[in-house]
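So the chains spell out like this:
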Amino acid sequence: MGVQVIAEVGECFNGSMEQAQRMIKEAAQAGCDIVKFQILDMDEVSADDPEYDWFCKIELDREKITHLKRWAEDECIDILFTPVSVKTASYLVEAGIHTVKIASSFIRKKELIEYINDHFQTVYVSTGMADLEEIRKAVWILEKPEEVIILHCISEYPTGPLLEQRGLKALDEQDAHLNMLHILKREFPTYRIGYSDHTDGIFVPIIAAAMGAEVIEKHFTLDRQTPIRNYVQKKEYMGTDHVLSVEPDDLRKMVELIRRTEACQGNMEWSRSQGEQILIDFLRGRYVERDN
């Protein structure tokens, strides 16, 4: 299996199902393997949360999940959701969805992980903010799924206090800590290890793929500039994910470069190229060996 590419929609559909449908189509046309959405549970969001109204706008209910699933099937792309509670995870079970992702914020939410363990066949686990022991505990609970995929992630992106301390800014490249991929591979040698990206652009995901990440997750949007401009000018609020997202052209380019990276790596075997085999006798025989 090659590198699996997840196009993360997140909040970048701006609460519009029309935009969500188009984003599924764009993700498929870019060559992505999976398109991903997040499900909020407004019962667990404080009414005084500064993003409460925005979260209400982008919340996905059972009916919307069913529409998204059907649109993904129409475009021949797999769909993935991140539930935040047992209630929202049950929506996926009802919809016949057997693959799920555990977001970084919920890696310690035992009740949710236990429910996922009992009801899903494939589970992606994002590891932002977690230490190795917390990851081990979550993976230990997930004994029933057929496959668990672990994603390295740095959960530093524009939300909450970061907006006040750093402004609307994506993760700095030097803070991606991609060598943690090797640590996860050492700690969990029988699991697929991937990378969930929050940097600006496509450079870091390409490097992660070259370093052996088997899954790459990248946020994307249809329009990156308008939401950022609106935020700066204090106009209509459109969330903060857009600043770390790529538009469809760059998403397509990222997938293309990942596939080229895979081709460069070749198979995990010691072998010579066809051209080298043709040249070997000539290259080794062109110089006369002299006895000393």
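Residues numbered from 1 in each chain as written. Predicted model: local features only at pLDDT ≥ 70, side-chain atom pairs only at ≥ 80, totals over all residues. Heavy atoms only, no water.

Honestly, the packing of aromatic side chains in this entry has me stumped. Any pointers?
Using the criterion set out here, one finds four aromatic pairs in the structure. Ring geometry for Phe188 against Tyr191: centres 6.0 Å apart, planes inclined by 85°, an arrangement best described as edge-to-face. Ring-pair connections join several aromatic residues into one group, and the members of that group are Phe13, Phe37 and Phe81. (Phe/Tyr/Trp six-rings, centres within 6.5 Å; stacked < 30°, edge-to-face > 60°.)

Where do I start with the side chain of Gln4 in this structure?
Mapped onto the fold, Gln4 is located in strand S1 (residues 4-8). What makes Gln4 buried here is its relative accessible area of 12%. Within the local environment of Gln4, its side chain forms a polar contact with the side chain of Tyr124, the two groups lying 2.5 Å apart. With sequence-adjacent residues up to four places away left out, Gln4 is seen in contact with Asp33, Ile34, Tyr124, Arg192, Glu214, Val215 and Ile216. (Helix = DSSP H or I, 4+ residues; strand = E, 2+ residues; numbered from the N terminus. Buried < 20%, exposed > 50% of the residue type's maximum accessible area, 1.4 Å probe, protein only. Polar contact = N/O pair within 3.5 Å; in protein donor to acceptor, adjacent residues only side chain to side chain. Contact = heavy atoms within 4.5 Å.)

Looking at this model, I keep getting lost on the sheet that holds strand S7 (residues 192-197). Mind explaining?
Across a sheet, strands are paired by hydrogen bonds formed along the backbone, either parallel or antiparallel in direction. Strand order in the open sheet made by the eight strands is S3-S2-S1-S8-S7-S6-S5-S4, with parallel pairing throughout. Only two strands of the sheet have a single neighbouring strand rather than two, namely strand S3 (78-82) and strand S4 (99-102). Here the strands of the sheet are splayed against their neighbours by 25° on average, with no regard to which way each runs. Pairing between S1 and strand S2 (residues 34-38): three bridges, direction parallel. Bridging from a neighbouring strand, Ala7 pairs with Val35 of S2. Contacts from helix H8 (residues 180-187) reach strand S6 (147-153) and S7 within the one sheet, and its direction differs from that of S7 by about 150°. (Pairing = 2+ DSSP bridges. Axes fitted to C-alpha atoms, helices over the stretch in contact; angles between N-to-C directions.)

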